[in-house]
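Observations on the model geometry
Listed here are the chains, written in short residue letters.
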Amino acid sequence: MKYFFTLLAVCLFSPPLILHAQNKDGAICVPDTLDAPYIKITGVEITGNKLTKPQILTRELDFKIGDSLATFQKGKRVNFSDRHFYPGDSSELRLRMNYSRENLINTKLFLTVDMSLKKISKAQYTLLIDVNERHYWWLFPIAKLNAPNFNEWLRAPQWSDLSMGLFFSHNNLWGLNHQTSLVVLFGKSWAVVLGYKIPWIGHGKKVGLLLGAKYENLYTVEYASIDNKRQMLYAFNSQQSVKVTAKLTLRPGLYNYGTIKLTGDYVAISDSMHKLDSAYLAGNKKTNISLSLYADYYYDTRNSHTYPLKGNMLRVFINKVGLGLVSKDVDLFYYGIDFHFYQTIGRKWYVAEMVKAENQAGQNAPYYYQLNMTQGKDFIRGFDLYTLKGDQMYFCRNNIKFELIKPSVKKVKEGQEKNKFKALQYAFYLNAFADAGYCVNKFTDVNPYNNKFLMSWGLGIDFVTYYDLVIRFEYAFTSIGTNGFFFGFGMPI
């Protein structure tokens, strides 16, 4: 854990906090003058929700109907014509309306959310919520690369390395935010994935359920690494797996979440794979069966789950792979912590930091089960062409960003403002970044960048648009003397 504290000291710093509102996904309109020091919200009127049920919106409010909210701060009269939010002069009313609007955007059901007040009497108001719903039905072709990642595929692109398929989903069944999805892929690799998510069940609406099943047959498999270079097998039926998942999500408070997930996993490798690496799976076997239990708790106040600019997220988690109930093939235990921090430091200037530590306790994990610091959300920029796998990983990512083009909506013809596709939302951010990481592998010495402190730094541009799309263009330098241009997908931190 000593590397975790080293990275924590390198990664985290705390400039002064200044909060600014974003307008690309809606706005808040409050009367310029309010005569009462407190006003009571006596009701809610919702418009624009053609499918979504009203209770899905009201549960996201940061206050209850009937609450009295202060219209002042420390005896200071609020200038409501100022559309920015500052902790020194914002009223409870305005801040809670802002938090509520952000919660509604984070449901990922709406493109825009506008909030305002309608006066009933001197101290009584109705909250007005106007939403523009997303497009909920999706059916489109997809492609999967039969390559380790997109940047490695770009070194020698071959269209024959693509597996093609279809993606179908509905993200708001019955207007209750139920989600169902089906993915079918065919080609050199092929897969079938089914999922159904119920966000909240029961009287308290604080528990959700997700059920999923996946079958995958891979043509491309990373079976080992030498000099931190991926050793790949390209052959049909190299690895087959079946995964069945049941997950409970808990939400005891608006910003408190928990997960309990039970996963059954069957994986089998070909004779060719077994000859290349007999220790790829546990017990030197060609098949493994395991039942796993994962649990986490996280506190999340980020203003946006797609591309946050303010707030925090803290997550602690454990994962027991192999419960000894259906098989004793695997017996591994993982635990860790994940912290994300976002601030505004001035007009158009933002910082973001994250640090993660994860450890695998006990014996050496087979290659299939090792932690991977170059995959998914676990990475340091500039190391896309290498693999960093082991028993422990500690890393951080840091950004200072400048708003090149503020969150905006492309101008459209009159009457098309609420068209879900013509009213394109977009923003561009220039990033200066610095990352650091340390991947521990106590059981092998053929990879020189394991058990070594690694760093990277560079510049990038983030393109952010609606439907949760973030595309990153980055040029990175590394402490091992490499540099290059890389594409990335999803928020950097």
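Residues numbered from 1 in each chain as written. Predicted model: local features only at pLDDT ≥ 70, side-chain atom pairs only at ≥ 80, totals over all residues. Heavy atoms only, no water.

**As for the overall build of the protein chain**
The test is simple: By definition, any uninterrupted DSSP run of H or I lasting at least four residues is a helix, any uninterrupted run of E lasting at least two residues is a strand, and each is numbered from the N terminus. Only protein chains enter the accessibility calculation, which uses a 1.4 Å probe. A residue is then buried if its area is under 20% of the maximum for its type, exposed if over 50%, and partly exposed in between. Pairs of residues are marked as contacts when any of their non-hydrogen atoms sit within 4.5 Å. Each accessible area value is a Shrake-Rupley result obtained with a 1.4 Å probe; residue values ignore everything except the protein chains displayed when judging cover.
Counting its secondary structure elements, the protein chain contains five helices and 25 strands. Taken across its 493 residues, the protein chain has 49% of its residues classed as buried. Intrachain contacts of the protein chain at a sequence separation of at least 6 include 61% that bridge at least 24 residues. Of the roughly 23,300 Å² of accessible surface on the protein chain, 60% is carried by carbon and sulfur atoms.

**Section: the confidence of the model for the protein chain**
Worth spelling out the cut-off: Per residue, pLDDT captures the predictor's confidence, and it can take any value from 0 to 100.
Per-residue confidence for the protein chain gives a mean pLDDT of 87, with 88% of residues at or over 70. Segment residues 1–23: pLDDT under 50, and 54 contacts once partners within four positions in sequence are set aside and those in other chains are kept. Contacts from residues 74–89, a stretch scored under 50 in pLDDT, to residues over four places away or in other chains number 41 contacts.

**Regarding a nonpolar patch on the surface**
Here is the rule: Exposure above 30% relative accessible area and the absence of a salt bridge qualify a residue for a patch, where like charges join within 9 Å and nonpolar side chains (Val, Leu, Ile, Met, Phe, Trp, Tyr) within 5 Å. A pair is scored as a salt bridge if a Lys or Arg side-chain nitrogen falls within 4 Å of a carboxyl oxygen belonging to Asp or Glu.
The grouping of Val242, Val244, Leu248, Ile260, Leu262, Tyr266, Ile289, Leu293, Leu323, Leu325 and Val326 at the surface amounts to a nonpolar patch, some 900 Å² of accessible area in total. Only β13 (229–253), β14 (256–269) and β15 (287–300) provide two or more residues apiece to the nonpolar patch.

**Here we look at the pattern of salt bridges**
Counted according to the given criterion, the structure contains 22 salt bridges. A salt bridge links arginine 230 to glutamate 222; the shortest N-O distance between them is 3.5 Å. Note on accessibility: arginine 230 and glutamate 222 belong to one class, buried. As a salt-bridge pair, aspartate 329 and lysine 285 come within 2.6 Å of each other at their nearest N and O atoms. Taken together, the residues aspartate 329 in the loop between β16 (311–321) and β17 (332–346) and lysine 285 in the loop between α5 (271–276) and β15 connect sequence positions 44 residues apart. Taking relative accessible area as the criterion, lysine 285 reaches 38% and is therefore assigned partly exposed. Several salt bridges converge on common partners, so that one network encompasses Arg381, Asp435, Arg472 and Glu474.

**Observations concerning helix α3 (residues 92–106)**
Threshold: A helix is expected to reach a length of 1.5 Å times the quantity of its residues less one.
Here α3 contains 15 residues, and its C-alpha end-to-end distance of 21 Å stays within 8% of the 21 Å for a straight helix at 1.5 Å per residue. With twelve of 15 residues buried, α3 is to be regarded as a mostly interior element. Buried residues belonging to α3 abut β1 (28–29), β2 (38–47), α2 (54–58), β3 (68–70), β6 (110–121) and β7 (124–133). Where α3 terminates, the next one or two residues include lysine 108, which has phi positive at roughly 60°.

**Here we look at the packing of aromatic side chains**
What counts is decided by this rule: A pair of Phe, Tyr and Trp rings is counted when the ring centres sit within 6.5 Å of each other, with Trp represented by its six-membered ring. The angle between the planes then sorts it: under 30 degrees is stacked, over 60 is edge-to-face, the rest tilted. By the criterion adopted, a ring carries a charge over it if an Arg CZ or a Lys NZ lies within 6 Å of its centre and within 35 degrees of its normal.
Under the criterion given, the structure shown has 26 aromatic pairs. When the centroid spacing of 5.7 Å and the interplanar angle of 80° are considered together, the rings of tyrosine 386 and tyrosine 449 count as edge-to-face. Of the two residues, tyrosine 386 sits in the loop between β19 (371–372) and β20 (389–390) while tyrosine 449 sits in the loop between β22 (425–440) and β23 (454–465), which places them 63 residues apart along the sequence. What makes tyrosine 386 buried here is its relative accessible area of 13%. Linked through ring pairs, Phe150, Trp153, Trp159, Phe473, Phe485, Phe487 and Phe489 together constitute an aromatic cluster. Against the face of tyrosine 294 rests lysine 261, its NZ or CZ located 5.2 Å from the ring centre.

**Side note on the sheet that holds β3**
Note the threshold: Any two strands with at least two DSSP-identified bridges between them are counted as paired. To obtain each axis, a line is fitted to C-alpha atoms, and for helices this fit is confined to the stretch in contact; angles are then taken between N-to-C directions over 0 to 180 degrees.
Judged by pairing direction, the sheet is mixed, and its five strands sit side by side in the order β1-β6-β7-β2-β3 without closing on themselves. Where the open sheet ends on each side, the last strands, each with one partner, are β1 and β3. Pairing of β2 with β3 involves three bridges; the strand directions are antiparallel. Among the inter-strand pairings, isoleucine 39 is bridged to a residue of β3, identified as leucine 69. Seen against the sheet, α3 touches β1, β2, β3, β6 and β7 and runs at an angle of roughly 145° to β6.

**Thoughts on the environment of leucine 93**
On the secondary structure map, leucine 93 appears in helix α3. Among the residues examined, leucine 93 registers a relative accessible area of 0% and is labelled buried. Sequence separation between leucine 93 and isoleucine 41 is 52 residues; the distance between their C-alpha atoms is 9.7 Å. Beyond its immediate stretch of four places on either side in the chain, leucine 93 contacts Val30, Leu34, Ile39, Ile41, Leu69, Ala70, Thr71 and Leu117.

**Considerations on the nonpolar core**
Buried together is how nonpolar side chains tend to be arranged in soluble globular proteins. Applied cut-off: The criterion is simple. A nonpolar core is a set of buried Ala, Val, Leu, Ile, Met, Phe, Trp, Tyr and Cys residues joined through side-chain atoms within 4.5 Å.
The biggest cluster of nonpolar side chains holds 34 residues, and the ones touching the most others in it are Tyr280 and Tyr369. Mapped onto this core, the elements with two or more residues apiece are β12 (207–226), β14, β17, β18 (349–361) and β21 (392–409). The element best represented in this core is β12, accounting for four residues. Apart from residues no more than four positions distant in its own chain, tyrosine 280 is found in contact with Val221, Glu222, Tyr223, Gln239, Ile269, Met273, Pro366, Tyr367 and Tyr368.

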